[in-house]
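Chain and residue survey
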Amino acid sequence: MTTPIADHIPEHVPQDIVFSYDYHGDPRVTSDVHSSLQSIQNDAPPIFYTPKNGGHWVVSRFDEIKKVVEDYEVFSAKEMQIPRIENPPFFIPLNVDPPNNIPYRQALMPAFSPKSIKILEEKVRHWAATIIDDALAKGDGVDFVREVASVYPVSIFMELMGMPMDRLWEFRNLSEAFFSTNDQEKIHQLSGQIIMTMTEILEEKKANPSDDLMSHILNIKVKGEPISLGEMQNMCFLLFLGGMDTVANVTGYAFRHLSNMPELQKRLSENSADISKFTDEAIRMFGVISNPRIVAKDSNVFGINFKKDDMVLCLLPISGRDDRKNKNAHIFDIDRAKEDSNTLTFSSGPHMCIGSFLARSEIRILVEEWFKRVRKYEVVPGTELGFRMGFSLALTHLPLNFETV
Amino acid sequence: MVKIVFVSHDGSDRTELDVKAGGSVMEAAVANNIDGIVADCGGSMVCGTCHAFVSSEWFAKLPEQSEMEICLLEFVPEPQDNGRLCCQLEVSEAIDGIVLQLPAQQR
């Protein structure tokens, strides 16, 4: 255990916008994490300062979050650990501000573009079908999070990267451990372990290149020069983490929510064309990644004085629930109008999620394959659901009873 | 005021905007809730979800594309040679009357 960090409010913060919120485990948050966060959004000022975790700013509403994540000159992405730590993890290109992030984005973009994702669709569908069949074979009470939501995106991602599939659970466990700790020593140890494993695979690819993303990363050139092993390691590290814990948790929360909506289940099973609308709505309501930023220079934004090195946390997971932006924002409605469907689940600006197209396809295809097999389902009655907070919101398990088609 | 015309993919829907010069065509489209312009990244040129197609006459008149814009347009769902990202087009007298054909899908 690490020693808890003392509460802190710096002098430049006005008292009337201080509001206590614990990023890593707030007492007001229940397993219905998004609804709990939404009630905090309603009670707190749109931008407030919490004394918890060493003290930091929190931005909870759509317009304000959009401005922060797009304004990289004031709100830099170079550091993202709250509370701040020495030698924080550094990801390429996530922690590189423009213009230096652009060559890396440009190199990775083709693999994650709509055109490439469309080509990948049949492989994605194969994984969805296989994984759902295996899970349903376990019968009632099957843990959807463990057997489906967590295995599925990892499998696709590893295939895209060209990672050896016999290391699936090793990767999943490393990722889970990384995201669930706030302990500096553990973070360093796990980062080292992850990077070492990725390096082994990179070395193998160097000897035996094939048509996969890791082999492509070995050939990336920035300004005509090959990138260093260190840069490759960093890039792989980010892609690895980004591909593991994100889709798994959005999917988990979406399936949990849908379990309480039998009429919508019926509609989706009868009209598979509506599943892409369901996907969009699930992404609006159940984002899981928050965006921390560090203030690069003393600035006055929104009429608030930010000091250099202040940490700023953007609560992307509730950006789509902002009732100032979307009408009836708290209601899950797959028929909502475009102007009421705004969300920053994938963030915005120069660091917007590069995997967003892949993520949307993965979720849509999983739901399509699910309703080809399942007529209706529910969470096993009496289940107490576990969850995690922090950089990534997670649902730890979701046991389901189901009726097959 | 600058006139900008958006035509839906199948040609069934045509929206004419009269907007003040300044800002980008993408911003004008978002502010006027044009269906078919998604603009996920808010104009940072990393997503390609505000692309549209223009006639060859208009294409020749528009400012040159950057390397990143060319790259993004190559990887949209259905690439065409006459694509532009609306976030890279400035609303000005120079584009008065431009007609932008929207793609079937942005992503």
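These lines cover the structure that appears in this document, whether it is placed above or below. (Residues numbered from 1 in each chain as written. Chains lettered and ligands numbered in written order. Predicted model: local features only at pLDDT ≥ 70, side-chain atom pairs only at ≥ 80, totals over all residues. Heavy atoms only, no water.)

A few points about the overall build of chain B
The number of helices and strands found in chain B is three helices and five strands. Helices and strands appear in chain B in the N-to-C order β-β-α-β-α-α-β-β. Taken against the 2.2 N^0.38 rule, which gives 13 Å for 107 residues, the C-alpha radius of gyration of chain B at 12 Å falls within 12% of a compact globule. Reported as C-alpha extents along the three principal axes, the dimensions of chain B are approximately 35 × 30 × 25 Å. In chain B, which comprises 107 residues, the share counted as buried stands at 50%. Here the contacts in chain B between residues at least 6 apart in sequence split such that 64% fall between residues at least 24 apart. Total accessible area on chain B is roughly 5000 Å²; 46% of this is exposed by carbon and sulfur atoms. The average position of the 6 basic charges and that of the 17 acidic charges among the side chains of chain B differ by 6 Å. (Helix = DSSP H or I, 4+ residues; strand = E, 2+ residues; numbered from the N terminus. Rg over C-alpha atoms; globule rule 2.2 N^0.38 Å. Buried < 20%, exposed > 50% of the residue type's maximum accessible area, 1.4 Å probe, protein only. Contact = heavy atoms within 4.5 Å. Areas by Shrake-Rupley, 256 points an atom, 1.4 Å probe, with all protein chains shown as cover. Lys, Arg positive; Asp, Glu negative; His and termini not counted. Charge placed at Lys NZ, Arg CZ, Asp CG, Glu CD.)

Regarding the pattern of salt bridges
Residues and elements named next belong to chain A. Throughout the structure, instances matching the rule amount to 35 salt bridges over all chains. Ionic pairing is found between E121 and R125, a salt bridge with its closest N-O pair at 3.1 Å. On the criterion of helical spacing, the pair formed by E121 and R125 is a turn pair, its members being four residues apart in helix α4 (residues 114-136). Residues E121 and R125 agree in their burial class; the two are buried. Here K277 and D335 are joined by a salt bridge, their closest N and O atoms 3.4 Å apart. Here the residue K277 occupies a position in helix α13 (residues 275-285), and D335 occupies one in the loop between β10 (311-314) and α14 (356-373), the gap between them amounting to 58 residues. For D335, a relative accessible area of 43% puts it in the partly exposed group. (Salt bridge = Lys/Arg side-chain N within 4 Å of Asp/Glu carboxyl O.)

Describing the interface of chain A and chain B
The partner chain B presents 23 residues to the 22 residues of chain A that form the contact. Counting the surface lost from both chain A and chain B, the interface buries some 1900 Å², and carbon and sulfur atoms represent 59% of this. Among the elements that make up the side of chain A that touches chain B, the one with the highest residue count is helix α3 (residues 102-112) of chain A (five residues). For the side of chain A that touches chain B, the residue count by class is seven nonpolar, six polar and nine charged. (Buried area = accessible area lost by both parts, 1.4 Å probe. Nonpolar A, V, L, I, M, F, W, Y, C, P; charged D, E, K, R; others polar.)

A closer look at the sheet that holds strand β4 (residues 142-143) of chain A
Residue and element names in this part refer to chain A. A sheet is described by the order of its strands in space; here three strands give the open sequence β4-β14-β11, paired in antiparallel fashion. Across the chains shown, the open sheet's two edge strands, defined by having one partner strand only, are β4 and β11 (374-379). Of the strand pairs in this sheet, β4 and strand β14 (residues 399-404) are connected by two bridges, and their pairing is antiparallel. In the sheet register, D143 faces β14, and the bridge partner there is P399. Each of β11 and β14 is contacted by α14, which is oriented at about 105 degrees to β11, the strand it contacts most. (Pairing = 2+ DSSP bridges. Axes fitted to C-alpha atoms, helices over the stretch in contact; angles between N-to-C directions.)

So, the state of the cysteines
All names here are of chain B. Counted by the stated rule, this structure contains zero disulfides over all chains. There is no disulfide at C47, and the cysteine sulfur nearest it, in C41, is 3.7 Å away. Overall, the relative accessible area of 7% leaves C47 in the buried class. No disulfide involves C50; its sulfur sits 3.9 Å from that of C87, the nearest cysteine. (Disulfide = S-S within 2.5 Å.)

Structural notes on the sheet that holds strand β3 (residues 75-76) of chain A
Think of a sheet as strands paired side by side through backbone hydrogen bonds, with each pair either parallel or antiparallel. Residue and element names in this part refer to chain A. Read across the sheet, five strands follow the order β1-β2-β10-β7-β3 without closing on themselves; strand pairing throughout is mixed. If you trace the sheet from one side to the other, it starts and ends with β1 (47-50) and β3, each paired once. Relative to strand β7 (residues 291-295), β3 runs antiparallel, the two sharing two bridges. In the sheet register, S76 faces β7, and the bridge partner there is I294. Along the sheet face, helix α2 (residues 62-70) touches β1, β2 (56-59), β3, β7 and β10 and points at about 130 degrees away from the line of β10.

By themselves, these observations are geometric and do not establish any function.
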